[in-house]
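Coordinate analysis (summary)
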Amino acid sequence: MHEPAASTATVAPPQRFIEVLKGSALTPPPMWLMRQAGRYLPEYRAVREQAGSFLNLCYNPALAAEVTLQPIRRYGFDAAILFSDILVIPDALGQEVRFVEGEGPRLDPIRNAADLARLKPGDGAGKLDRVLETVARLRQDLPRETALIGFCGAPWTVATYMVAGRGSPDQADARMFAYTDPVAFARLIDTVTEASIGYLDGQVKAGAGALQIFDTWAGVLPDTELERWVVAPTRRIVKELKQRHPNVPIIGFPRGVGAGARHYRHATRVDALSCDTATPLAEMRALAGTGTAVQGNLDPLLLVAGGPLLEARVRETLEAMQGVPFIFNLGHGIVPQTPPENVARLVELVRSSPSGS
Ligand code: CP3
């Protein structure tokens, strides 16, 4: 039976990003950049100023949707990532987050079981509802071939900020908390895990087509602790989300774990790995070759530098990843000093990679 023309016109076009997450190898590969909405774009800085504080921007659905769309309009990336932050979870749990200009996040640190008891799971749902409204707006406003990525921070990485009250180079405060009072620390991890499951579930219901779990500080933990504080809670998040939404791919970003990435992928059952800058291309290819999509891993500073080294490295990456499920990305977030024209050149380089060979 023939479908009437009007109804075939409503069939969703394929999203190349999602196809790769489900195991296809596409040439040229789909691409997006971690932190693609941000201060390197003048149009972002204008909206950011209008919003006042960074968190005001995260909780304003019209403005958050606008800055999410900016890099899509400029560069036509294959995926948009919801504009929000991993620290909206502590903020919604009642541990208020402030961003100090030029210095980063500040929270009142959680040092012990008594501080932990002050968290109020459930109270901050109104704040997260505003982020979910951003997701719903975006799914309406994005081109249909552009995928929408929802995200959260992994419980370990979010906990490092909750315990230290700020960013730190070695996560010493969180490691000491975990080593000296593992029972209380497990309660903190469970609280963040449960909030994250509800938050990601809400994002999928609002229209996110894929999810990424950012574990920026996974690499500071020894093996046994990595298992307990990174792998186990991530596995729980993936399991719950897969039960509710089996078709929504999940990307893990266990930054800095080196050879532990294989075990992380296998044990957490994420669909794809986002590889950091230090991952050798041969390893990235081998990881993809065993049935998982991989994403990565250009050094964000090469994108600042531009020039022949950038071009050589991009070509090398495209060549190494031919024929396996691969998404072009950076190995960590884009930095504010990146010239927008270097991003345009990067898009051109990736998109002009020869197809069908
Ligand atoms: O475009 C996107 O990728 C979506 C939005 C996004 C932001 N942060 C916006 C943001 C995402 C996915 C994040 C994730 C995030 N946030 C991580 C994990 C990934 C990573 O980069 O390691 C972490 C650790 C955070 C916590 C965080 N947020 C810090 C430490 C800082 C301060 C440092 C900085 O770059 O200023 C932020 C602020 C932040 N989050 C900004 C943006 C665009 C800059 C703030 C501003 O515009 O004033």
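Provided above is the structure to which this section pertains.
Residues numbered from 1 in each chain as written. Predicted model: local features only at pLDDT ≥ 70, side-chain atom pairs only at ≥ 80, totals over all residues. Heavy atoms only, no water.

Structural notes on the overall build of the protein chain
A count of helices and strands for the protein chain gives 17 helices and nine strands. Taken over the C-alpha trace, the protein chain has a radius of gyration of 20 Å; the compact-globule value for 357 residues is 21 Å, and the two agree within 12%. By principal-axis analysis of the C-alpha atoms, the protein chain measures approximately 60 × 50 × 45 Å. Within the protein chain, the proportion of its 357 residues that are buried is 54%. Considering only contacts in the protein chain between residues 6 or more positions apart, those separated by 24 or more positions represent 74%. (Helix = DSSP H or I, 4+ residues; strand = E, 2+ residues; numbered from the N terminus. Rg over C-alpha atoms; globule rule 2.2 N^0.38 Å. Buried < 20%, exposed > 50% of the residue type's maximum accessible area, 1.4 Å probe, protein only. Contact = heavy atoms within 4.5 Å.)

Some remarks on the nonpolar core
Ranked by size, the top nonpolar core spans 124 residues in total, and within it Phe17 and Phe185 carry the most contacts. Take this core: its biggest share by element is 10 residues, from helix H11 (residues 182–206). Excluding residues that lie within four positions of it along the chain, Phe185 makes contacts with Trp156, Ala159, Val163, Ala174, Phe177, Ala178 and Trp229. (Core = buried A, V, L, I, M, F, W, Y, C linked by side-chain atoms within 4.5 Å.)

Here's the deal with the sheet that holds strand E5 (residues 210–215)
Here seven strands make up an open sheet; going across it, the order is E1-E4-E5-E6-E7-E8-E9 and the pairing parallel. At either end of the open sheet lies a strand with only one pairing partner, and these are strand E1 (79–81) and strand E9 (326–330). With direction set aside, neighbouring strand axes in the sheet form an average angle of 25°. Bridge count for strand E7 (residues 272–274) against strand E8 (residues 293–298) is three bridges, and the pairing is parallel. Note that in E8 the partner of Ala272 across the bridge is Ala293. (Pairing = 2+ DSSP bridges. Axes fitted to C-alpha atoms, helices over the stretch in contact; angles between N-to-C directions.)

Considering helix H9 (residues 155–164)
Most of H9 is tucked away: 10 of the 10 residues are buried. The first or second residue beyond H9 is Gly165, which carries a positive phi of 80°.

Examining the site of the ligand
Within the structure, the ligand sits among 22 residues, and Arg39, Tyr44, Asp85, Thr216 and His332 are positioned closest to it. The side chain of Arg39 places a nitrogen or oxygen atom 2.7 Å from an oxygen atom of the ligand. Within the side chain of His332, an N or O atom sits 2.7 Å from an oxygen atom of the ligand. Residue composition of the shell around the ligand, grouped by class: 13 nonpolar, five polar and four charged. (Near = heavy atom within 4 Å. Polar contact = N/O pair within 3.5 Å; in protein donor to acceptor, adjacent residues only side chain to side chain. Nonpolar A, V, L, I, M, F, W, Y, C, P; charged D, E, K, R; others polar.)

Focus: the pattern of salt bridges
When the charged atoms of two side chains with opposite charge come close together, those side chains can pair. Summed over all chains, the structure comprises 21 salt bridges. Taking the shortest distance from any N to any O, the salt bridge between Glu66 and Arg73 comes out at 2.9 Å. When its relative accessible area of 26% is taken as the criterion, Glu66 is described as partly exposed. Judged by relative accessible area, Arg73 falls into the exposed class, the value being 54%. Across the pair Glu316 and Arg313 runs a salt bridge whose closest N-O atoms are separated by 3.6 Å. Pair noted here: Glu316 and Arg313 are both in helix H16 (residues 307–320), with a separation of three residues, about one helical turn. Salt bridges sharing partners connect three or more residues here, namely Asp201, Lys205, Glu240 and Arg244. (Salt bridge = Lys/Arg side-chain N within 4 Å of Asp/Glu carboxyl O.)

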